[in-house]
There are 2 protein chains.
Amino acid sequence: MEIAELAERVLAGERRALSRAITLIESQRADHRARATELMEHLRESDRQALRIGLSGTPGVGKSTFIESFGLMLTGQGKRVAVLAVDPSSARSGGSILGDKTRMEQLSRDRNAFIRPSPSQSHLGGVARRTREAVRLCEAAGFDVVLIETVGVGQSETVVAEMSDLFLLLLAPAGGDELQGVKRGIMEMADLILVNKADGDLKATATRTCADYSGALRLLRKRPQDPPGYPKALTVSALEEQGLETAWDEMQALTGWRRDEGHFDARRADQARYWFAEEVRQALLARLQAPAAREAMQALSDAVAEGRTTPAQAARDMVTRHLGG
Amino acid sequence: MEIAELAERVLAGERRALSRAITLIESQRADHRARATELMEHLRESDRQALRIGLSGTPGVGKSTFIESFGLMLTGQGKRVAVLAVDPSSARSGGSILGDKTRMEQLSRDRNAFIRPSPSQSHLGGVARRTREAVRLCEAAGFDVVLIETVGVGQSETVVAEMSDLFLLLLAPAGGDELQGVKRGIMEMADLILVNKADGDLKATATRTCADYSGALRLLRKRPQDPPGYPKALTVSALEEQGLETAWDEMQALTGWRRDEGHFDARRADQARYWFAEEVRQALLARLQAPAAREAMQALSDAVAEGRTTPAQAARDMVTRHLGG
């Protein structure tokens, strides 16, 4: 299929075209990369904007149940919802978040929902780039909300925050001591903390945990992109579908304020700059993967290991003679 | 001074020449980098080998006192000892580890000791490269032991382990719960854990902490570069100069075994490969810092932020048109 036609079908909201487009951008083949870049350029003019919501939470906090309940609430309101994932570990562990759609049984059968597992690549940079472009594809295809799920592994939260308009942190009810388990850097990225499992026996604990986090959030440095009272912590029960509408109202209120104040567009512009710089760095380092470069690297690495030259001199040779410096 | 002459003076063990050589390799000027590379190439043939000992420990464990006591013990045996540091935070915080030589008052006055603070650069990659080359300079200048100190900030421990023959982890006596405070990845790098402050009121706690860590070490996966019984945990008192000779004996026993089994040379060869690859990556990314490249990056970044192009297309333009791809 011609790229122009694929682009039109994506813009027409055709699910199969969207899947195909995402497969194209996930490919690592050089000719596919060129076509993917062309596709993204075709979609650039589309001014459709989804609300991009990043969602992080460690295993066990009920992320799948939350996405299922929250997603169904949104589709129930007539909204189209896409769910993507950033999980650099999936390639290694074999198992992948979102890989098993049965985890979100109802949502995955919903005509207004689109669920796509994390691309199976071993390094975060690759997963990040592909997911960022997949977000844009879903947006162009007319989805109203794009949820980007991640588990808190290494830098994956930063990566997801860099492609989201809102960053949610989903937590389980816990004793006061465990509050420290959440890294400060993650807290500082959160726009909304949702304490899940506020139901049954855990309800009281969830309320207390929520109060603890509200207190912790107030101690953080004020960010220019927040109106008074934000970021805030709320309790939800994904299982009993409680608190989800309040959480959605908060997301809309916060987003509305940011749009009015110019923060929304400014953040997207900053993110575009970030991804551009990141793409350039990746493209530079990718030169080391070309067959001739790999061969030269190997020969020089052997020379260094055997003491026939120094790391600095060998690097200089590599860069000037083999990488056109 | 000609580089050949500087190299000869370093090889003759002249302290002023060594200081000057380190200043040269720390410089970021392109012409200095070229001269530094030439200098390292001159010293390549020197087959002098110091024992390179990496030492990590959070503030408060008594690192300076340990280095002072341990270093004086070694110089007392007629050995020449150099102390370097990897501290990427020093440039930002202003304060630098080893910056204040009065912290090691006696050692810094010792004719057989050489103390050099961390180069003041803001990113770890730069500090790492400089320190690695400084280690080699000290070695060529005839030092028997090179101690490389770091605080446990981010990746700095990995960087120090990648330039050391032995990696020591210095810890303070602590309750069982705090055992978890040491990241598993750091434990896995350690060749020897030293529980300091085994003196006075803390002696019993230190002994218990040492037993806890001995147990924890036994649970780690066996590494091919260790003889039976290693890595191990010991108690020391830097203040009362207790246990330092035993620790030194252990270091020598472990190093002797590794030399005999070929692990010592194999590790150095692997490290040389690692630093070569790292130098190449840094050199590639450094192309983005050239004035013309910065200008092009800025213009393309603006175009991306304003939606006139996509991050992927702009990156492609950058790489093909401005970075000779």
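Residues numbered from 1 in each chain as written. Chains lettered and ligands numbered in written order. Predicted model: local features only at pLDDT ≥ 70, side-chain atom pairs only at ≥ 80, totals over all residues. Heavy atoms only, no water.

Chain A carries the name LAO/AO transport system kinase in an unreviewed UniProt entry, which gives Marinovum algicola as its organism.

Draft legend 1. Representation of the overall build of chain A in the model. For chain A, the helix and strand inventory stands at 14 helices and seven strands. The globule rule puts the C-alpha radius of gyration for 325 residues at 20 Å, and the 22 Å found for chain A is close to it. Reported as C-alpha extents along the three principal axes, the dimensions of chain A are approximately 70 × 50 × 40 Å. Burial statistics for chain A: of 325 residues in total, 54% are counted as buried. In chain A, the share of contacts with a sequence separation of at least 24, taken over all contacts with a separation of at least 6, comes to 75%. For chain A, the accessible area works out to roughly 14600 Å², and carbon and sulfur atoms hold 48% of it. On chain A, the mean spot of the 44 positive side-chain charges and the mean spot of the 45 negative ones are 3 Å from each other. (Helix = DSSP H or I, 4+ residues; strand = E, 2+ residues; numbered from the N terminus. Rg over C-alpha atoms; globule rule 2.2 N^0.38 Å. Buried < 20%, exposed > 50% of the residue type's maximum accessible area, 1.4 Å probe, protein only. Contact = heavy atoms within 4.5 Å. Areas by Shrake-Rupley, 256 points an atom, 1.4 Å probe, with all protein chains shown as cover. Lys, Arg positive; Asp, Glu negative; His and termini not counted. Charge placed at Lys NZ, Arg CZ, Asp CG, Glu CD.)

Draft legend 2. Highlighting the interface of chain A and chain B. Contact with chain A, which involves 44 residues of that partner, is made by 44 residues of chain B. Counting the surface chain A buries against chain B, the share from its top three residues, R273, F276 and L284 of chain A, is 18%. In this structure, the connection of chain A to chain B is made through two salt bridges. Note that R273 of chain B is salt-bridged to D302 of chain A, the shortest N-O span being 2.8 Å. At the junction of chain A and chain B, the tally comes to twelve residue pairs in polar contact (both at pLDDT 80 or more). Those elements that provide at least two residues to the side of chain A that touches chain B are α3 (30-43), α7 (124-140), α12 (263-286), α13 (291-305) and α14 (311-322) of chain A. By residue number, the principal contributor to the side of chain A that touches chain B is α12 of chain A, which donates twelve residues. (Buried area = accessible area lost by both parts, 1.4 Å probe. Salt bridge = Lys/Arg side-chain N within 4 Å of Asp/Glu carboxyl O. Polar contact = N/O pair within 3.5 Å; in protein donor to acceptor, adjacent residues only side chain to side chain.)

Draft legend 3. Local environment of the relation of the copies chain A and chain B. In the superposition of chain A on chain B (RMSD 0.0 Å, axial shift 0.0 Å), the rotation amounts to 180°. Such a combination of turn and shift is consistent with a two-fold rotation axis. Among all C-alpha atoms of chain A, that of L284 of chain A lies closest to the rotation axis, at 3.2 Å. Both copies present the same face, since 100% of the interface residues in chain A are matched by interface residues at the equivalent positions in chain B. (Least-squares fit on C-alpha atoms with pLDDT ≥ 70 in both.)

Draft legend 4. Quick look at the environment of A85 of chain A. Residue and element names in this part refer to chain A. Mapped onto the fold, A85 is located in strand β2 (residues 81-86). On the accessibility criterion, A85 (1% relative accessible area) is buried. Residues A85 and P59, spaced 26 residues apart in sequence, show a C-alpha to C-alpha distance of 14 Å.

Draft legend 5. How the structure looks around helix α1 (residues 3-11) of chain B. All names here are of chain B. For α1, every residue scored as buried is listed here: I3, L6, A7 and V10. For α1, the angular spread of buried residues about the axis comes to 100°, placing them on one side. Against the buried residues of α1 lie α2 (15-26), α3 (30-43) and α7 (124-140). At the C-terminal side of α1, G13 shows a positive phi close to 80°. (Arc of directions from axis to C-beta.)

Draft legend 6. Seen up close, unusual backbone geometry. A cis amide bond, omega -10°, links Y230 of chain A with the succeeding residue P231 of chain A. At E241 of chain B, a residue that is not glycine, the phi angle is positive and equals roughly 55°. Within the secondary structure layout, E241 of chain B lies in the loop between β7 (232-235) and α11 (244-261).

Draft legend 7. Structural context of the pattern of salt bridges. Applying the stated rule across the entire model yields 42 salt bridges over all chains. Three or more residues are tied together by salt bridges with common partners; here these are R52, R136, E139, D165 and R268 of chain A.

Draft legend 8. Quick look at the packing of aromatic side chains. Across all of its chains, the model carries eight aromatic pairs over all chains by this definition. For the pair F66 of chain B and F70 of chain B, a centre-to-centre distance of 5.2 Å together with 15° between the ring planes defines the contact as stacked. A residue pair is termed a helical-turn pair when its members lie 3 or 4 positions apart in one helix, as F66 of chain B and F70 of chain B do in helix α4 (residues 63-76) at four residues. Judged by its relative accessible area of 0%, F66 of chain B falls in the buried class. Between the NZ or CZ atom of R80 of chain A and the centre of the ring of F143 of chain A, over which it lies, the distance is 4.2 Å. (Phe/Tyr/Trp six-rings, centres within 6.5 Å; stacked < 30°, edge-to-face > 60°. Lys NZ or Arg CZ within 6 Å of the ring centre and 35° of its normal.)

Draft legend 9. Region of interest: the sheet that holds strand β1 (residues 51-56) of chain B. All names here are of chain B. Taken together, the seven strands give an open sheet; going across it, the order is β3-β2-β4-β1-β5-β6-β7, and neighbouring strands pair in parallel fashion. With one partner strand each, in any of the chains shown, β3 (113-115) and β7 form the two edges of the open sheet. Strand-to-strand twist across the sheet, computed as the mean angle between neighbouring axes with direction ignored, equals 20°. Across the sheet, α11 is in contact with β1, β4 (145-150), β5 (166-171), β6 (192-195) and β7; its angle to β5 comes to roughly 155°. (Pairing = 2+ DSSP bridges. Axes fitted to C-alpha atoms, helices over the stretch in contact; angles between N-to-C directions.)

Draft legend 10. The arrangement of the environment of E8 of chain A in detail. Mapped onto the secondary structure, E8 of chain A falls in helix α1 (residues 3-11). Residues E8 of chain A and L43 of chain A, spaced 35 residues apart in sequence, show a C-alpha to C-alpha distance of 8.6 Å.

Draft legend 11. Structural view of the pairing of β2 of chain A. Residue and element names in this part refer to chain A. Counting buried residues in β2 gives six out of six residues, a clear majority hidden from the surface. Relative to strand β3 (residues 113-115), β2 is paired through three bridges, and the arrangement is parallel. Paired with A82 across the strands is F114, a residue of β3. Sheet topology note: the β2/strand β4 (residues 145-150) ladder contains six bridges and is parallel. Among the inter-strand pairings, A85 is bridged to a residue of β4, identified as E149.

Draft legend 12. View of the sheet that holds strand β7 (residues 232-235) of chain A. Residue and element names in this part refer to chain A. On the basis of which strands lie adjacent, the open sheet formed by seven strands has the order β3-β2-β4-β1-β5-β6-β7 and parallel pairing. The open sheet has two free edges, formed respectively by β3 and β7, since each of these has just one partner strand. Strand-to-strand, the axes of this sheet are offset by a mean angle of 20°, without reference to chain direction. The sheet contact formed by strand β1 (residues 51-56) and strand β5 (residues 166-171) spans four bridges and is parallel. By the bridge assignment for β5, G54 is matched with F167. Helix-sheet contacts for helix α11 (residues 244-261) involve β1, β4, β5, β6 (192-195) and β7, and the interaxial angle to β5 is about 155°.

Draft legend 13. Structural detail: the packing of α14 of chain A against helix α12 (residues 263-286) of chain B. It is at 8 Å that the axes of α14 of chain A and α12 of chain B come closest, and there the two elements cross at 45°. Between α14 of chain A and α12 of chain B, the crossing angle belongs to the class labelled oblique. Taken as a pair, α14 of chain A and α12 of chain B cross one another with a handedness that is right-handed. Where α14 of chain A approaches α12 of chain B, its residues P311, A312, A314, A315, M318 and V319 of chain A are matched on the opposing element by A272, W275, F276, E279, V280 and A283 of chain B. Taken together, the residues that form the contact of α14 of chain A with α12 of chain B break down as eleven nonpolar, no polar and one charged. (Parallel < 35°, antiparallel > 145°, perpendicular 65-115°, else oblique. Left-handed = near helix turned anticlockwise from the far one by under 90°. Nonpolar A, V, L, I, M, F, W, Y, C, P; charged D, E, K, R; others polar.)

Draft legend 14. Structural context of α13 of chain A. With 15 residues, α13 of chain A extends 21 Å from end C-alpha to end C-alpha; this agrees with the ideal 21 Å at 1.5 Å per step. Turning to α13 of chain A, its buried residues number three or more, namely A293, A296, M297, L300, S301, A303 and V304 of chain A. Down the axis of α13 of chain A, the buried side of the element spans an arc of 155°, and every buried residue falls inside it. Away from its buried face, by an angle of more than 90 degrees, α13 of chain A presents the exposed residues P291 and E295 of chain A. In this structure, the buried residues of α13 of chain A make contact with α14 of chain A together with α12 of chain B. Positive backbone phi, at 75°, marks G307 of chain A, one or two positions downstream of α13 of chain A. (Expected span 1.5 Å × (residues − 1).)

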